[in-house]
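Here is how the chains run, residue by residue.
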Amino acid sequence: SSGINAEYGGLLPSCFALVSKRYRTPLVSIFYITIITIIFTLVGGLDELISSASFTRFPFFVICGVGVFVMRKTHPYLPRPYRVPLVFPILFVSFGVFVFITPFLTETWKVSLIWVLVLLLGVPLYYLLLENYFKFKLPAKLDKSATELFKRLLNSE
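In this text the structure is predicted, and so the values were computed from the model without any measurement.

Focus: the nonpolar core
Point 1. By size, the foremost hydrophobic cluster in this structure holds 6 residues: C15, F16, L18, L27, V28 and L154.
Point 2. For L27, the residues in contact, after removing those within four places along its chain, are L18, S20, L154 and S156.

Details of the confidence of the model for the protein chain
Point 1. The pLDDT averaged across the protein chain works out to 83; a share of 88% of its residues lies at or above 70.
Point 2. Looking across the protein chain, the model is least confident in helix α1 (residues 2–8), with a mean pLDDT of 52, and most confident in helix α4 (residues 87–101), with 92.

Some thoughts on the pattern of salt bridges
Point 1. Across all of its chains, the model carries 1 salt bridge by this definition.
Point 2. Note that E148 is salt-bridged to K151, the shortest N-O span being 3.6 Å. Of this pair, E148 and K151 are both found in helix α6 (residues 140–154), 3 residues apart, which corresponds to roughly one turn of the helix.
Point 3. Using a relative accessible area of 32% as the deciding quantity, one classes E148 as partly exposed.
Point 4. With a relative accessible area of 30%, K151 lands in the partly exposed category.

Some points on a nonpolar patch on the surface
Point 1. Judged by side-chain polarity, W109, L113, L117 and L120 come together as a nonpolar surface patch covering roughly 400 Å² of accessible area.
Point 2. Structurally, L120 can be placed in helix α5 (residues 109–130).

So, unusual backbone geometry
Point 1. Even without a glycine there, the phi angle at R24 is positive, about 60°.
Point 2. Tracing the backbone through its elements, the reader meets R24 in the loop between α1 and α2 (27–44).

With respect to the packing of α2 against helix α3 (residues 46–74)
Point 1. As a packed pair, α2 and α3 sit with axes 7 Å apart at the nearest point and diverge in direction by 120°. On the basis of the axis angle, α2 is oblique to α3. For the pair α2 and α3, contact is made by T37, F40, T41 and G44 and by L46, E48 and L49, respectively.
Point 2. By residue class, the composition of the contact of α2 with α3 is 3 nonpolar, 3 polar and 1 charged.

Considerations on the side chain of S156
Point 1. Mapping S156 onto the fold places it in the segment after α6.
Point 2. Owing to a relative accessible area of 4%, S156 belongs among the buried residues under this scheme.
Point 3. Here the side chain of S156 touches L154 through a polar contact of 3.3 Å, landing on its backbone oxygen.
Point 4. Not counting residues within four places of it along the chain, the set of residues in contact with S156 comprises L18, V19, S20, K21, L27, F150 and K151.

Cut-offs and rules
- Starting from 1, residues in each chain are numbered consecutively following that chain's sequence as written.
- Residues qualify for local features only when their pLDDT is at least 70, as the model is predicted, and side-chain atom pairs are given and counted only at 80 or more; totals for whole chains, interfaces and linings, by contrast, use all residues.
- Note that water and hydrogens are dropped before the side-chain values are worked out from all heavy atoms of the structure.
- Each nonpolar core is a collection of buried residues, namely Ala, Val, Leu, Ile, Met, Phe, Trp, Tyr and Cys, held together in the definition by side-chain atoms within 4.5 Å.
- Three exposure classes are used, based on accessible area relative to the maximum for each residue type with a 1.4 Å probe and protein chains only: buried under 20%, partly exposed in between, and exposed over 50%.
- Whether two residues touch is decided by their heavy atoms; if any such pair falls within 4.5 Å, the residues are in contact.
- Values of pLDDT, which run from 0 to 100, indicate the predictor's confidence residue by residue.
- Secondary structure elements are defined from DSSP: runs of H or I of at least 4 residues count as helices, runs of E of at least 2 residues count as strands, and each element is numbered from the N terminus.
- A pair is scored as a salt bridge if a Lys or Arg side-chain nitrogen falls within 4 Å of a carboxyl oxygen belonging to Asp or Glu.
- What goes into a patch is any residue over 30% in relative accessible area without a salt bridge, connected to like charges within 9 Å or, for nonpolar side chains (Val, Leu, Ile, Met, Phe, Trp, Tyr), within 5 Å.
- The protein chains shown are the only cover counted for residues, whose accessible areas, like all others here, come from Shrake-Rupley with a 1.4 Å probe.
- Here the axes come from fitting lines to C-alpha atoms, over the contacting stretch only for helices, and the angles between their N-to-C directions go from 0 to 180 degrees.
- Should an angle fall under 35 degrees it is taken as roughly parallel, and over 145 as roughly antiparallel, whereas 65 to 115 is taken as roughly perpendicular and any remaining angle as oblique.
- When residues are sorted by character, Ala, Val, Leu, Ile, Met, Phe, Trp, Tyr, Cys and Pro go into the nonpolar class, Asp, Glu, Lys and Arg into the charged class, and all the rest, Gly among them, into the polar class.
- We call two N or O atoms a polar contact when they sit within 3.5 Å, provided that within protein one can donate a hydrogen and the other can accept it, with sequence-adjacent residues counted only if both atoms are side-chain atoms.

Following this line, the structure appears as structure tokens:
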């Protein structure tokens, strides 16, 4: 889970690394995402949430598709358990670019632009957090108390 990875990097409080003993899932992270999703749904509606989530994920899917071409070019002799026929990455990247560009051709282009700016803001923010400029640090006592509370409430470890 990204919550667990971010916690170990010091980017989130340690309670985000708690995992359910029974299901082995990151419960605090799941509850957090659920609350954020409910807020976005109440504020903007389910249609806007779905379109925004799809829109903001597709650039990363396209990057993964482009990665197939890059790996074939830069590491042609790397052993691969399965070699994808080139037509599939071409179609995938084309479709991804289409899905990403289409909202800019509608009346909601301003909302799409805002989401692109939010995505782009994440790059410098990530590197600032990585370089320890402003890591999320709760006071140790509060962080420990919250983690212990969630451990008991959610039967986590």
